[in-house]
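Summary of structural features
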Amino acid sequence: MSSPSKRREMDLMKLMMSDYKVEMINDGMQEFYVEFNGPKDSIYEGGVWKIRVELPDAYPYKSPSVGFITKIYHPNVDEMSGSVCLDVINQTWSPMFDLVNVFETFLPQLLLYPNPSDPLNGEAAALMMRDRPTYEQRVKEYCEKYAKPRADTEEMSSDDEMSEDEYASDCDDEDDVAIAGKLDP
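Keep in mind the model is a prediction, meaning the values are calculated, not measured. (Residues numbered from 1 in each chain as written. Predicted model: local features only at pLDDT ≥ 70, side-chain atom pairs only at ≥ 80, totals over all residues. Heavy atoms only, no water.)

Turning to the environment of E35, a few remarks are in order. Along the polypeptide, E35 turns up in strand 2 (residues 31–37). Taking the C-alpha atoms as reference points, E35 and V22, 13 residues apart in sequence, are found 6.7 Å from one another. Residues contacting E35, with those up to four places away along its chain left out, are Y20, K21, V48 and W49. (Helix = DSSP H or I, 4+ residues; strand = E, 2+ residues; numbered from the N terminus. Contact = heavy atoms within 4.5 Å.)

If you want it as structure tokens, here you go:
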């Protein structure tokens, strides 16, 4: 087994052992969903998002693709595709990072400290800069409508998930965006 394959397996097991709910998409270990909880003491607290992760063949030397499947209102997340604009994943990734870093540090930091000056969701960025209380109310509305934890383990309803077309929509600058790819039918 090659080193990247071993590392992929180790990182995935470490993520599962860190109490994250992980759902494999195919038989391999390259594509999966992770249940991500909003950071405590934030406007996202109480929200639970389904995140799609795709590990490239060159992982950990190349960063994972990460995208929100569950809708979220955030300046640095494309509302239609779920693509994430996060420098540490897109440009400054290092093999020293692992999947646990993504879910325990990078995504919580993204939600806690949005960057409205480099938006993927221009409406959210403008609202955040112009009217912070209304922006925060909109975030809470999205959390309530789309990211409420489910008591059962059933699949998400189609209302809560983006369609394949929405998820696969192109972003303006692929270098700045982690694109998670198309949903399986």
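What follows deals with a nonpolar patch on the surface. Together, M13, M16, M17, M24 and M29 line one region of the surface with nonpolar side chains, adding up to about 460 Å² of accessible area. Looking at the nonpolar patch element by element, the count peaks at three residues for helix 1 (residues 3–17). Using a relative accessible area of 30% as the deciding quantity, one classes M24 as partly exposed. (Patch = residues over 30% accessible without salt bridge, like charges linked within 9 Å, V, L, I, M, F, W, Y side chains within 5 Å. Areas by Shrake-Rupley, 256 points an atom, 1.4 Å probe, with all protein chains shown as cover. Salt bridge = Lys/Arg side-chain N within 4 Å of Asp/Glu carboxyl O. Buried < 20%, exposed > 50% of the residue type's maximum accessible area, 1.4 Å probe, protein only.)

A two-sided burial pattern is seen for strand 4 (residues 65–68), the buried positions comprising S65 and G67 on one face and V66 and F68 on the other. Where strand 3 (residues 48–54) lies against strand 4, four bridges are found, and the strand directions are antiparallel. The residue of strand 4 that forms the bridge with E54 is S65. (Pairing = 2+ DSSP bridges.)

On to the UniProt feature "active site" (unreviewed entry) in the protein chain. Mapped onto this numbering, the UniProt entry gives "active site" (unreviewed entry) at C85. Turning to its location among the elements, C85 is positioned in the loop between strand 4 and helix 2 (87–90). (UniProt positions renumbered as here; feature names shortened; annotations may be inferred.)

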